[in-house]
Amino acid sequence: MKVRAALIPIAVVAGVTLLVAAAARDPLRQPRRSSPANVTPSLSSAVATVDDYLNQSWTDANITPAEPADDLQILRRLSLALHGTIPSLEEIRQFQTDTQPNKLRRWTRRLLDDPRFADYFAQRLARVYVGVDEGPFIIFRRDRLTDWLSNRLQADHPYDETVRHLIAETGLWTGAPAVNFVTSARIDEDFDENKLAGRTVRAFLGQRIDCAQCHDHPFRDWTQDQFEGLAAHFGQVSLSPFGLEDIPQEYTIQDRETLEDRTVVPSVPFSPTWLPAAGTSRGQLAAWLTHPENRRFRRATVNRVWGLLFGRAYLRPVDDLDDPPSTDAPDLLDLLADDFAAQNYSIKHLIETITATQAFRAASTIDGSDDSSLAAAENKSAVFPLVRLRPEQVIGAILQAASVQTIDRNSHLLVRTIRLIREGDFIREYGDLGSDELQERGGTIPQRLVLMNGDLVRELMESNLFNSVGGTATLAPTDEQCIETAFLICLSRKPTPPESAHFVAQLQDSTDESREQIVEDLFWSLLNTTEFSWNH
């Protein structure tokens with residue numbers, strides 16, 4: 001019995017060793033997920049239309065676009081944008097062995113079908129809809145809202161329908177999660193109609209009307225009357241034991257000059273004929289926002305999704321767009337927006353289209369270009385923009401780099417729990433970007449110090465039998481493969497010949513103990529490179 005008891009832990013350790021070795025050394029023969037065999041047929045024409053527009057704009061501006069990026073680099077971009085982390089070595093091995101046609105398009109669909117996409121995009125969209133504040137306790141449930149958004153994204157429900165739910169839903173914040181869009185704006189015992197009006201226009205029309213709350217907009221056509229008319233659509237909102245509902249009543253505000261109450265009738269700033277004749281005032285507003293002829297809604301959605309994929313919106317700022325151009329001269333947003341509407345407002349189709357364009361698949365550098373020509377190329381989407389990773393992308397990438405296997409819902413409960421705890425702590429320490437997440441900001445010295453001196457990187461990169469560092473150090477058959485594996489895990493690329501030669505020289509003549517330390521240092525160094533912290 002004693003012999004059997006002693007063999008059990010040895011057998012477990014041996015099994016884990018074999019699993020790590022297999023992932024670190026060889027392409028996996030049985031992928032955990034398979035990419036779809038076919039690509040979406042309706043995608044090609046839309047991609048061709050957008051690429052034609054881009055090529056003509058580059059010709060007109062006398063811009064030479066960047067060369068196409070290599071496939072692994074595009075996989076890294078897709079993973080960061082859709083899952084908030086870098087691809088695992090497990091996924092990279094599967095990707096490398098995939099020799100079927102249309103690999104990138106099939107892998108894009110695979111990443112979109114992965115629940116990590118819906119979960120991550122739901123978190124990012126929720127920031128736009130309700131900000132990052134905790135909101136009023138009891139009647140605001142962010143977790144229910146993000147779960148609901150995630151389910152709708154996973155099922156690819158029409159986006160215009162999702163928006164109508166957010167604006168006009170009734171019921172309890174737990175049973176009808178969309179109402180949390182409205183309940184998030186309850187302050188003390190009242191709903192803040194002005195906050196809801198400003199947030200609605202920013203989130204769904206991509207325009208900033210907030211200052212018209214107090215006076216006519218000094219630089220645009222928005223007037224105070226228009227703002228008040230929009231806010232009045234939320235003036236019938238009330239709470240009851242059944243949750244959020246609409247009670248027919250007059251909406252009154254205090255006049256700033258006379259200090260007397262006056263009634264405001266719900267109205268819209270343009271195209272009032274889009275308002276339906278019946279329904280609640282919130283329902284009417286939702287129908288007007290998502291009306292098939294409302295180009296601002298479609299363009300704002302496309303522009304935001306473009307920003308989530310590139311890290312930078314096509315037109316900036318993402319929530320302060322100019323009025324749409326003439327229909328006689330449609331721009332790139334119009335082309336994508338029309339296709340978006342034709343495909344029943346499918347967010348997945350929109351993402352597939354954008355990520356298949358030359359703009360998304362271009363390299364992030366242009367040989368021989370100076371700063372001004374590179375900036376001109378970026379403004380025309382002729383080169384992929386260099387963008388700093390978001391905090392949750394940094395921590396997601398660090399955690400993934402410590403594991404050979406993909407960290408997802410199928411991971412061990414302990415792994416997912418550790419990720420949840422460490423992610424929250426890291427983001428608080430690293431600094432959250434808030435709801436204006438597409439606003440461009442530079443890195444800070446404290447952020448760099450968190451990576452260099454923080455406990456997280458040091459602890460995760462300590463070599464052991466169960467993490468990628470230990471597996472790479474002890475199981476890679478050659479020094480060259482050891483270095484290559486470390487680069488693939490951390491940077492999703494192979495080392496250049498000079499890089500490989502430099503680090504291989506460090507490993508030569510090393511003892512087992514010193515080898516582990518060298519590989520630990522290599523992983524730590526790669527995670528602290530500028531390349532690791534940027535999307536490119």
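None of these values were measured; they are calculated from a predicted model.

**Here we look at the UniProt feature "domain: DUF1553" (unreviewed entry) in the protein**
- Sequence positions flagged by UniProt for "domain: DUF1553" (unreviewed entry) are, in local numbering, residues 282–403.
- Along residues 282–403, the helical share is 56% and the strand share 2%, with 48 Å between the first and last C-alpha atoms.

**Focus: the UniProt feature "domain: DUF1549" (unreviewed entry) in the protein**
- UniProt feature "domain: DUF1549" (unreviewed entry): in the numbering of this structure it lies at residues 50–237.
- End-to-end, the C-alpha atoms of residues 50–237 are 42 Å apart, and along that stretch the chain is 58% helix and 3% strand.

**Brief notes about the environment of Asp338**
- Mapped onto the elements of the fold, Asp338 is located in helix H14 (residues 332–342).
- What makes Asp338 partly exposed here is its relative accessible area of 42%.
- Sequence separation between Asp338 and Ile354 is 16 residues, and the spatial gap between their C-alpha atoms is 13 Å.

**Things to note about the packing of aromatic side chains**
- Under the criterion given, the structure shown has 16 aromatic pairs.
- Seen from their ring centres, Trp306 and Phe310 are 4.4 Å apart, and the 10° between their planes marks the pair as stacked. Of the two residues, Trp306 and Phe310 are both situated in helix H13 (residues 295–310); the distance of 4 residues between them amounts to about one turn of the helix. Per residue, the accessibility class of Trp306 equals that of Phe310, and both read buried.
- Taken together through their ring pairs, the aromatic side chains of Trp306, Phe310, Tyr314, Phe360 and Phe384 make up a single cluster.
- One cation-aromatic arrangement involves Lys103 over Phe95; the distance from NZ or CZ to the ring centre is 4.1 Å.

**Considering the pairing of strand E6 (residues 261–264)**
- Pairing of strand E5 (residues 251–254) with E6, which is carried by 4 bridges, proceeds in the antiparallel orientation. Directly across from Thr252, in E6, lies its bridge partner Thr263.
- Following E5, the chain reverses through 6 residues before pairing antiparallel with E6; Leu259 in that reversal takes a positive phi of roughly 60°.

**Here's the deal with the side chain of Gln207**
- Mapped onto the fold, Gln207 is located in the loop between helix H10 (193–205) and helix H11 (224–231).
- A polar atom in the side chain of Gln207 sits 3.1 Å from the side chain of Asp323.
- Ignoring sequence-local partners within four residues, the contact set of Gln207 consists of Val201, Arg202, Trp222, Arg296, Asp319, Asp320, Leu321, Asp322 and Asp323.

**Some points on the pattern of salt bridges**
- Enumeration over the complete set of coordinates arrives at 31 salt bridges.
- Of the charged contacts in the structure, one is a salt bridge between Arg116 and Glu91, with a shortest N-O distance of 2.8 Å. Here Arg116, found in helix H6 (residues 115–130), pairs with Glu91, found in helix H4 (residues 89–97); they are 25 residues apart in sequence, far enough to count as distant. A single burial state applies to Arg116 and to Glu91, both of which are buried.
- Asp455 is the partner of Arg458 in a salt bridge, and the nearest nitrogen-oxygen pair spans 3.1 Å. Residue Arg458 and its partner Asp455 are both found in helix H21 (residues 455–460); the two are separated by 3 residues, about one turn of the helix.
- Relative accessible area serves as the criterion here: at 44%, Asp455 is assigned to the partly exposed category.
- Three or more residues are tied together by salt bridges with common partners; here these are Arg109, Asp113, Lys348 and Glu352.

Basis of the calculations
- Residues numbered from 1 in each chain as written.
- Predicted model: local features only at pLDDT ≥ 70, side-chain atom pairs only at ≥ 80, totals over all residues.
- Heavy atoms only, no water.
- UniProt positions renumbered as here; feature names shortened; annotations may be inferred.
- Helix = DSSP H or I, 4+ residues; strand = E, 2+ residues; numbered from the N terminus.
- Buried < 20%, exposed > 50% of the residue type's maximum accessible area, 1.4 Å probe, protein only.
- Phe/Tyr/Trp six-rings, centres within 6.5 Å; stacked < 30°, edge-to-face > 60°.
- Lys NZ or Arg CZ within 6 Å of the ring centre and 35° of its normal.
- Pairing = 2+ DSSP bridges.
- Polar contact = N/O pair within 3.5 Å; in protein donor to acceptor, adjacent residues only side chain to side chain.
- Contact = heavy atoms within 4.5 Å.
- Salt bridge = Lys/Arg side-chain N within 4 Å of Asp/Glu carboxyl O.

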